[in-house]
Amino acid sequence: MERKVRVRFAPSPTGPLHIGGVRTALYNYLFAKKHNGDFLLRIEDTDQARYVEGAEKYIIDALKWCGITPTEGVGAGGDLGPYHQSERKEQGTYKKYVDQLLESGHAYYAFDTPEELDAMRERLKAEGGHSQQYDSASRNSMKNSLTLSAEEVQQKIEAGDKYVVRIKMPRNEEIKFKDIIRGYVVVDSSNLDDKVLFKSDGMPTYHLANVVDDYLMKITHVIRGEEWLPSGPLHVLLYRFLGWENEMPEFAHLPLILKPNGNGKLSKRDGDAGGFPVFPIEWKSEEEVFSGYRESGYFSEAHINMLAFLGWNPGTEQELFSLEELVQEFSLERVGKSGAKFDPDKTKWFNEQYLRAKSNEELAELIKPFANNANDELLAGVCGLMKERVSFTNEILEKGKYLFEAPTAYDAKTVKKKWKDDSSQIVADLITVFSNTEFNNEALETAFKEYIEEKELGFGKPMIAIRLAITGEGGGPSLFEIMELIGKEESINRLKVGIENIKKEPVA
Ligand code: GLU
């Protein structure tokens, strides 16, 4: 029987969630939704030394902002919890399986102190061996339950000696598994070390806890970052040793997200240095502050759309996808193997597309709280005029300031180059023309054209003169539309003030 698709996002609360993590969550979500499956959120908080206050809340808030909603797990509930590994540890979940591995001879106790482990590495180095790991070759000269007698082991445990439980890696065995993105991965078990699975304080390591939980939570597909690929063979062996091979999930290891220049992994420091965020929402702790996409004015839909394309493509020219459309189109087969270069310009481009696709009224609602009681109609008009010229909504008010108030200065460069001796006269003439014109875009344009034709003037000089007077700038959206929006009285007034003030600007 086909198993119901169940995937999980399993972050460790060791700090804010980098966009690489958000992309992993997104691909898991898309895959689950596409196959009518479940998407779990599990918090892997066994490593207390790396636990960071506030990180879990950040993860939850960030996923929420992105619209990547877990159907089960932390914040969503479910029958196979608890979904925090710390709580599962308390329940003895991992201990049970460590005991099983110890009994079947696939794991063993090791009592070596840090000094003894260092000495082992030194010795192996001096001998010139190719590796200095705790493995099938070196374990026989160490202090563990394979070299000590059963009584000695028992005594040590009873005396409260510190120990770890290590996996007993088989020698010369081929471990093979299929990765949906990379194809078959084959390794010789002799190259793998006897990883620690469990510690005497009752804490499982990532490897054991991760595999046990994936099994108990009936996970069918493990979709995670490439950095976990080297752990794949160990995990496959754990499934085998625990007798769960038939329930083993399929694996898909996602490509890295690279720096814009392609040199290495995109790191948390690259963002603020390059002027773009690498975190979904802002992170603030006593030690560090990182900017977020949300606070930088990105729409969450644009952010998600951009992230989807960092490693995946639909195989067509279409670039704009809503979350629902991504669900329809997504497949792991179309995720690439090679690293995906982060492109800050493209990221902005996505935001611009989403901004332009919004109606003027929707945008007006967004900027209203910052618009000093401007009326809705004016705001919608402003949005209509400005939306093709900005990347973020907050720029609408900044760049469109002259739509609310008359300019207090005139762009010096434009004045110097384009304000001619007869410009004042032209503006004065146009005041008369416009005073007798109906104040809408088409009528103003017609009247303007008739005037320049009659005076045998070119288009440029008169146009720039009135633009300067109306907006203070040398460029911008359609001038007649601006005039229609700000109205007759205001426009005529600005033209009059312009005649007075523009010529007074220092002309070098
Ligand atoms: N806790 C691991 C992490 O933080 C999970 C890796 C996995 O998905 O197996 O990335």
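Check the entry above for the structure.
Values in this document were obtained by computation on a predicted structure and should not be read as measured data. Throughout this description, residue numbers start from 1 for each chain and increase along the sequence as written. Restriction of local features to residues with pLDDT of at least 70 applies here, the model being predicted, together with a cutoff of 80 or more for giving and counting side-chain atom pairs; totals for whole chains, interfaces and linings are based on all residues. Calculated side-chain values reflect all of the structure's heavy atoms, with hydrogen atoms and water omitted.

## Re unusual backbone geometry
- The omega torsion across glycine 81 and proline 82 is 0°, close enough to zero to call that bond cis.
- Of note in the backbone geometry, asparagine 373 takes a positive phi value of approximately 60° without being a glycine.
- Secondary structure elements are taken from DSSP: a helix is a run of H or I of four residues or more, a strand is a run of E of two residues or more, and numbering for both begins at the N terminus. Summarising the element assignment, asparagine 373 is placed in the loop between helix H13 (360-367) and helix H14 (376-386).
- The backbone of glutamate 456 shows a phi angle near 55°, a positive value even though the residue is not glycine.
- For glutamate 456, the position within the fold is in the loop between helix H18 (441-454) and helix H19 (460-471).

## Considerations on the packing of helix H1 (residues 19-34) against helix H10 (residues 300-308)
- With their axes 10 Å apart at the nearest point, H1 and H10 run at an angle of 85° to one another. Classified by the angle between their axes, H1 and H10 sit roughly perpendicular to one another. For the pair H1 and H10, the contacting residues are Ile19, Val22, Arg23, Leu26 and Tyr27 in the first and His303, Ile304, Leu307 and Ala308 in the second.
- The classification used treats Ala, Val, Leu, Ile, Met, Phe, Trp, Tyr, Cys and Pro as nonpolar, Asp, Glu, Lys and Arg as charged, and all other residues, Gly among them, as polar. Tallied by class, residues from the contact of H1 with H10 come to seven nonpolar, one polar and one charged. The convention used is that axes are lines fitted to C-alpha atoms, helices contributing only their stretch in contact, and that angles between N-to-C directions extend from 0 to 180 degrees. Put simply, angles under 35 degrees are roughly parallel, angles over 145 are roughly antiparallel, angles from 65 to 115 are roughly perpendicular, and the rest are oblique. Contact between two residues is taken to exist if any of their heavy atoms lie within 4.5 Å; hydrogens are not considered.

## Description of the site of the ligand
- Being near a molecule or strand, for a residue, comes down to having at least one heavy atom within 4 Å of it. The environment of the ligand is formed by Arg8, Ala10, Pro11, Ser12, Glu44, Tyr206, Asn210, Arg224 and Trp228.
- Side-chain polar atom of tyrosine 206 to an oxygen atom of the ligand: 2.8 Å apart, as the coordinates give it.
- A 3.5 Å cut-off defines polar contacts: any pair of N or O atoms within that distance qualifies, except that in protein one atom must be a possible hydrogen donor and the other a possible acceptor, and neighbouring residues in sequence count only when both atoms are side-chain atoms. In this structure, an oxygen atom belonging to the ligand sits 2.9 Å away from a side-chain N or O atom of arginine 224.
- Contact with the protein chains covers 83% of the free accessible surface of the ligand, which is 300 Å².
- For the shell around the ligand, the residue count by class is four nonpolar, two polar and three charged. Note on areas: Shrake-Rupley, 1.4 Å probe, and residue coverage restricted to the protein chains presented here.

## Points about the pattern of salt bridges
- Salt-bridge detection follows one rule: a side-chain nitrogen of Lys or Arg within 4 Å of a carboxyl oxygen of Asp or Glu. All chains considered together, the criterion is met by 33 salt bridges.
- One salt bridge connects glutamate 127 with arginine 123, and the closest N-O pair in it is separated by 3.8 Å.
- Residue classification places glutamate 127 among the exposed positions, given a relative accessible area of 56%.
- Between aspartate 194 and arginine 139 there is a salt bridge, with its nearest N and O atoms 2.7 Å apart. In this pair, aspartate 194 sits in the loop between strand E7 (183-188) and strand E8 (196-199) while arginine 139 sits in the loop between helix H5 (114-126) and helix H6 (150-158), placing the two residues 55 residues apart along the sequence. In this pair, the class of aspartate 194 matches that of arginine 139, namely buried. For each residue, the accessible area found with a 1.4 Å probe, counting protein chains only, is set against the maximum for its type, and the residue is called buried under 20%, exposed over 50%, and partly exposed in between.

## Things to note about the sheet that holds strand E5 (residues 164-167)
- Each pair of strands is called paired provided DSSP finds at least two bridges between the two strands. Spatially, E4-E5-E8 is the arrangement adopted by the three strands of the open sheet, whose pairing is antiparallel. What marks the edges here is a single partner per strand, and that holds for strand E4 (107-110) and E8. With direction set aside, neighbouring strand axes in the sheet form an average angle of 30°.
- Where E4 meets E5, four bridges bridge the pair, whose relative direction is antiparallel. Bridge pairing in E5 places tyrosine 109 opposite valine 165.

## Focus: the environment of proline 280
- By the element assignment, proline 280 lies in the loop between helix H9 (268-274) and strand E12 (283-284).
- With a relative accessible area of 0%, proline 280 lands in the buried category.
- Sequence separation of proline 280 and glycine 21 is 259 residues, and the distance between their C-alpha atoms is 9.8 Å.
- Setting aside residues no more than four positions away along its own chain, proline 280 makes contact with Leu17, Ile19, Val22, Tyr58, Ala62, Trp65, Cys66, Gly292, Tyr293, Arg294, Glu295 and His303.

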